[in-house]
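Structural overview for review
What follows is each chain in one-letter form.
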Amino acid sequence: MLNKKTEDQIEIKGKRILVRCDFNVPLKGGVITDDTRIRAALPTIKKLSSEGGKVILCSHLGKVKNGPNPGESLAAVAVRLEELLGKKVTFVDNDNVTGPETTAVVAAMQEGDIVLLQNTRFRGADETKNGEGFSKELADLADSFVCDAFGSAHRAHASVVGVTKYISEKGGDNAVGYLMEKEIAFLGNAVDNPVRPFVAILGGAKVADKLNVISNLLEKCDTLIIGGGMAYTFLKAMGFEIGKSLLDETKLDYCREMIDKAKKLGKTLLLPVDAVTTEAFPDPIDAKVETKVFAANAMPADRMGMDIGPKTVKLFGEAIRNAKTVVWNGPMGVFENPQLAEGTKAIAQAMAEADAVTVIGGGDSAAAVNQLGYADKMSHISTGGGASLEFLEGKELPGVMAADDSRRRLVAGNWKMNKTPSETKAFIAEIAPLVADADCDVVFCVPAVDIIPAVEAAKGTNIGIGAENMYFEEKGAFTGEIAPNMLVDAGAKYVVLGHSERREYFGETDEGVNKKAIKAIEHGLIPIICCGESLTQREQGITLDWIRKQIRIAYYNIPAADVPKTVIAYEPIWAIGTGKVATTEQAQEVCGAIRKLMIELYGNSVAQSLRILYGGSVAPANAKELFAQPDIDGGLVGGASLKLDFEKVVKPE
Ligand code: PEP
């Protein structure tokens, strides 16, 4: 789930919207040889233009080592874009990118107009070092900013990251575009929420390029396949003779470490069992070569592995065909040479035949899949090489992080002491298809013994599972308690803290809730922190003071950066399980007061990214109106979450 503002959530009509695209396309003699990246940006541009935005596009192209030059101008992109859109694109041929000439063109724009600025890298370090001046100049051109450049999202450059600060300062929005959303949905789901078995395939020349990817994917996948040049360092680490094959001596220990890690985690690590070899690297790359196949543990001293062999193709192919999710990054051999492309081709073919979600992680593997004609058989081919690799490493991409956080609606069920493990499995299986198309986060917080079966049943769905309570210690003599790391290990993602029933029957205090919230955050759990007043307190007119006190203590010592990782649930005690719902005005008044307090404590941007839920007899009949309030971002739902009718709370009509 991408918890970022998207272009669907910003004001478009009449607004100047700066869009960072990735138009870094290959050019030969001024001609674009592959326009995939331009096509990938079209949905965002079309939407912004057709809804009356003034669309100002920017991008880098090439490495631009020696300053502005016609060979790296975006002029050809403007022409191609105009053809693809069937609409005028005004190119501002200004090597300085910004300045009076650009400002004048932008000032003359009408609603729906599209302007393309010159290559942002023509500004050198101003761009690549995230320069404040250039960032501000870009922001001055626009009211809001949309980042749709997934291929550049791993770079903290001025046109990707720096600009967002100045857009925020003037009250504009920083959103992500459709391409970015799509990339993150495919890559993110494949890696973090895969339908299993999940097979990850890594290839390419150097182990050094993929150190963190190997380690991260080993933790997430069921089977890791390693091919390509990097496999030979692994084979050498296992004590095999690899002849003149590519070897990185400095990474032998690392490879042994990864082999051990796979064993410890109980993961399958597949390496080549044979290789197609040559005497030398083909020169030119597509030159005819004399090939011979050898077992991977008996390669002659004078030969080098150039592709995986037929037995390996069979071994890898079987694992891929049995998978439900496959992610691939890096070719299996020197696929640019037809005689050494068979292994790479076979992997692409196995993926095309697998009944699985298949994701190609950009760069060389994307080129290979395109060249070999399998592109339309894959679920998703990433447009980002380096960015998709960093994503697979588990890194946060600066270009994504710089966008404003959105308050995506969250509807969380709180089952209290209801449902056995077997009832849990059956219920989740039944409700999952009903809520699969929900436009919000769907969560069930369940009794401790139900967590594991619930997580199991929710695998591959959009349902998240949470606990109803936890302790703030990590382990020890605390009979009957459950530690945060236990919840994480069981697969829980959320935890309800300080529910009024726990406060009333089990003596929970605000101080205890605070300690638990800090621990939950530390372990990556999202705490749903409950607050609420009794009927007497409401009648005494002290509701807001009481809630403010609860929240102040619950957030004591929680830094601003952690606040968006929490959720607050306002639940008037008199409305819980009683059928008495607070009126929408009452619910909004308190949720609004909570937001105001969070603005005082943490500032506007943090408070605006925090989700505040309402809870108390939420049902299909009242959900829509409650959730439509400006400060209510969803609900914490008790009784109604135990029935299939919950579908109508999640998708209120
Ligand atoms: C709850 O348990 O948090 C709750 C709000 O219950 P109900 O929806 O049944 O009032």
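Residues numbered from 1 in each chain as written. Predicted model: local features only at pLDDT ≥ 70, side-chain atom pairs only at ≥ 80, totals over all residues. Heavy atoms only, no water.

Thoughts on the sheet that holds strand β16 (residues 357-360)
The line we're drawing: A pair of strands is labelled paired if DSSP reports no fewer than 2 bridges between them. Strands are runs of DSSP state E lasting at least 2 residues, helices are runs of H or I lasting at least 4, and numbering of each runs from the N terminus.
Across the sheet, which stays open at both edges, the six strands sit in the order β11-β10-β9-β15-β16-β17 with parallel pairing between neighbours. At either margin of the open sheet sits one strand with a lone partner, and together these are β11 (268-270) and β17 (380-381). Bridge analysis of strand β9 (residues 198-202) against strand β15 (residues 325-329) gives five bridges, and the strand direction is parallel. Pairing of A200 across the sheet is with V327, part of β15.

Here we look at the domain arrangement of the protein chain
Filter applied, for reference: Domain extents, as shown, originate in an automatic or database domain assignment.
For the protein chain, the assigned domains read domain 1 (7-183), domain 2 (196-355) and domain 3 (410-650). On a C-alpha basis, the centroid separation for the pair domain 2 and domain 3 is 46 Å.

What to know about the side chain of E533
Formally: Burial classes: relative accessible area under 20% of the type maximum marks a residue as buried, over 50% as exposed, and values in between as partly exposed (1.4 Å probe, protein chains only). Polar contacts, as counted here, are pairs of nitrogen or oxygen atoms within 3.5 Å of one another; within protein the pair requires one atom able to donate a hydrogen and one able to accept it, and residues that are adjacent in sequence qualify only if both atoms are side-chain atoms. The contact rule is simple, with two residues in contact once any of their heavy atoms fall within 4.5 Å.
In this fold, E533 is placed in the loop between β22 (526-531) and α21 (535-540). For E533, a relative accessible area of 0% translates into the label buried. Side chain to side chain, E533 and R538 meet in a polar contact 2.8 Å long. At 2.9 Å, the side chain of E533 forms a polar contact with the side chain of Y570. Every residue in contact with E533, bar those within four places of it in the chain, is listed here: R538, T543, W546, I547, Y570, E571, P572, I573 and W574.

Here's the deal with the packing of aromatic side chains
The condition that has to hold: Side-chain rings of Phe, Tyr and Trp, where Trp is taken by its six-membered ring, are said to pair if the distance between their centres is within 6.5 Å; with planes under 30 degrees apart they count as stacked, over 60 as edge-to-face, and otherwise as tilted.
Under the definition given, this model contains nine aromatic pairs. Ring centres of W415 and F427 lie 5.6 Å apart, and the angle between their planes is 80°; this geometry places the pair in the edge-to-face category. Taken together, the residues span a long stretch of sequence, with W415 in the loop between β18 (410-414) and α16 (421-435) and F427 in helix α16 at a distance of twelve residues. Each member of the pair, W415 as well as F427, carries the same accessibility label: buried. With centroids separated by 6.4 Å and ring planes inclined at 70°, the aromatic side chains of Y555 and Y602 adopt a geometry described as edge-to-face. Of this pair, Y555 sits in the loop between α22 (543-554) and β23 (567-570) while Y602 sits in helix α23 (residues 584-602); the two residues are 47 residues apart in sequence, bridging distant segments of the chain. The buried category is assigned to Y555, whose relative accessible area is 3%. Relative accessible area serves as the criterion here: at 18%, Y602 is assigned to the buried category.

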